[in-house]
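One letter stands for each residue in the lines below.
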Amino acid sequence: MRRYIEFMKVKIEKSWASLLKDEFSKEYFQELVKFVKQEYSSKRIYPPGNQIFSAFDHCPVSEVKVVIIGQDPYHGEGQANGLCFSVADEIRIPPSLQNIYKEIHSDLGKPISQSGNIERWADQGVLLLNATLTVQAGNAGSHQGKGWEEFTDAVIQKISEEKEHLVFLLWGAYARKKKDLIKGDKHLILESAHPSPFSADRGFFGNKHFSKTNEFLKQMKLQEIDW
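Reading the values: the criteria
- Residues numbered from 1 in each chain as written.
- Predicted model: local features only at pLDDT ≥ 70, side-chain atom pairs only at ≥ 80, totals over all residues.
- Heavy atoms only, no water.
- Salt bridge = Lys/Arg side-chain N within 4 Å of Asp/Glu carboxyl O.
- Buried < 20%, exposed > 50% of the residue type's maximum accessible area, 1.4 Å probe, protein only.
- Helix = DSSP H or I, 4+ residues; strand = E, 2+ residues; numbered from the N terminus.
- Axes fitted to C-alpha atoms, helices over the stretch in contact; angles between N-to-C directions.
- Parallel < 35°, antiparallel > 145°, perpendicular 65-115°, else oblique.
- Left-handed = near helix turned anticlockwise from the far one by under 90°.
- Contact = heavy atoms within 4.5 Å.
- 1 Å grid on protein atoms, 1.4 Å probe; cavity = no way out; pocket = protein on both sides within 12 Å on 5 of 7 lines; lining within 4 Å.
- Points joined across faces, edges and corners; volume = space filled by probe spheres on them.
- Nonpolar A, V, L, I, M, F, W, Y, C, P; charged D, E, K, R; others polar.
- Phe/Tyr/Trp six-rings, centres within 6.5 Å; stacked < 30°, edge-to-face > 60°.
- Expected span 1.5 Å × (residues − 1).
- Arc of directions from axis to C-beta.
- Disulfide = S-S within 2.5 Å.
- Pairing = 2+ DSSP bridges.

Re the pattern of salt bridges
Using the criterion set out here, one finds 8 salt bridges in the structure. A salt bridge links lysine 26 to glutamate 23; the nearest nitrogen and oxygen atoms lie 2.9 Å apart. With a relative accessible area of 6%, glutamate 23 lands in the buried category. A salt bridge links glutamate 31 to lysine 34; its shortest N-O distance comes to 3.5 Å. Note that glutamate 31 and lysine 34 are positioned in helix H3 (residues 27-42) at a spacing of 3 residues, about one turn of the helix. A relative accessible area of 54% means that lysine 34 is categorised as exposed. It is possible to trace a salt-bridge network through shared partners that takes in Arg176, Lys179 and Glu191.

Right, here's the structure in full:
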């Protein structure tokens, strides 16, 4: 059973608490905690408070093999569960995730999943990291620029420095800007268009990122991901 510790009012899996302890004590993060607490106390905010750090809780530092970077949690009723692109089992699968599943089917021949919950990826070592970890209901991007991006940039930078042979999947212009945070000589960086219906036809479909990821992991003597 994984242990969690609380630091600066943040309850997070212990290996991440250790890796990120310097961030938690910085002024920007203390201000972020105050902002988020106030938002949850006065408005409808997603995901539920106990799922803000789900990406970390499902995937301890030692188990991270793949990093997928999203931008913002879903802002619809019951959608966000703390993992980028993922929704709870009973929620309709969002269009971007439908396109991800289509590419997996095309790339690997796997049946298209009927569930939008991709916790199973996180439990295999896929860090499903949104750049912003909270959002106001019905108000996309409402918690951007409040400090979350500084925190998640630090996450990317620290795991890039601390670990070797990670696969970073950077989909879309926003995620691709994070490339400068990654030590490319130590890791595999795969870039393409975003899986959104507005851009999937411009380079996401056919990127074969899932087979390329598994081939790299296999070369590194690491367990492949069951996508």
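Following the structure, the description resumes.
Here's the deal with the packing of H3 against helix H7 (residues 148-162)
For the pair H3 and H7, interaxial distance at closest approach is 9 Å and the crossing angle is 125 degrees. As the angle between them shows, H3 and H7 are arranged oblique. Regarding H3 and H7, the two cross each other, and that crossing is left-handed. Of the residues in H7, those touching H3 at Tyr28, Phe29, Leu32 and Val36 are Trp148, Glu150 and Phe151.

Focus: the environment of glutamine 51
Position of glutamine 51 relative to the elements: it lies in the loop between strand S3 (45-46) and helix H4 (54-57). Sequence separation between glutamine 51 and isoleucine 12 is 39 residues; the distance between their C-alpha atoms is 10.0 Å. Contacts of glutamine 51, omitting those with residues within four sequence positions, involve Ala80, Asn81 and Gly82.

Considering the layout of surface pockets
When its volume is computed, the largest pocket comes out at roughly 440 Å³. Lining of the largest pocket is provided by 28 residues; of these, Gln71, Asp72, Pro73, Tyr74 and Asn130 occupy positions nearest its centre. Every element with two or more residues in the lining of the largest pocket is listed here: strand S4 (66-70) and helix H8 (172-176). Top contributing element to the lining of the largest pocket by residue count: H8, with 4 residues. Considering only residue class, the lining of the largest pocket consists of 15 nonpolar, 12 polar and 1 charged.

Structural notes on the packing of aromatic side chains
The tally for this structure, following the rule as stated, stands at 17 aromatic pairs. Between phenylalanine 53 and phenylalanine 56, the ring centres sit 5.9 Å apart and the planes meet at 50 degrees, which makes this aromatic pair tilted. With respect to burial, phenylalanine 53 and phenylalanine 56 carry one shared label: buried.

Structural notes on H3
Under the 1.5 Å per step criterion, the end-to-end length of H3 is 23 Å for 16 residues, consistent within 8% with the ideal 22 Å. Three or more residues of H3 are buried, namely Tyr28, Phe29, Leu32, Val33, Val36 and Glu39. Down the axis, H3 shows its buried residues gathered within 140 degrees of arc, on one side only. Across from the buried face of H3, at angles greater than 90 degrees, the exposed residues are Glu27, Lys34, Lys37 and Ser41.

What to know about the state of the cysteines
In this structure the tally under the stated criterion is 0 disulfides. Unpaired in this structure, cysteine 59 has its nearest cysteine sulfur neighbour in cysteine 84, at a distance of 11 Å. Given a relative accessible area of 0%, cysteine 59 falls into the buried group.

Some details on the side chain of asparagine 214
Along the polypeptide, asparagine 214 turns up in helix H9 (residues 209-219). Every residue in contact with asparagine 214, bar those within four places of it in the chain, is listed here: Glu224, Ile225 and Trp227.

Regarding the sheet that holds S4
Spatially, the 4 strands line up as an open sheet ordered S5-S4-S7-S8, and their pairing is parallel. Of all strands in the sheet, those bounded by a partner on one side alone are strand S5 (126-130) and strand S8 (188-192). Within the sheet, the average angular offset between the axes of one strand and its neighbour, ignoring direction, is 20 degrees. Bridge count between S4 and strand S7 (residues 167-171): 3 bridges; the pairing is parallel. Across the sheet, the residue bridging to valine 67 is phenylalanine 168, located in S7. Contacting S4, S5 and S7, H7 crosses the sheet at an angle of about 150 degrees to S5.

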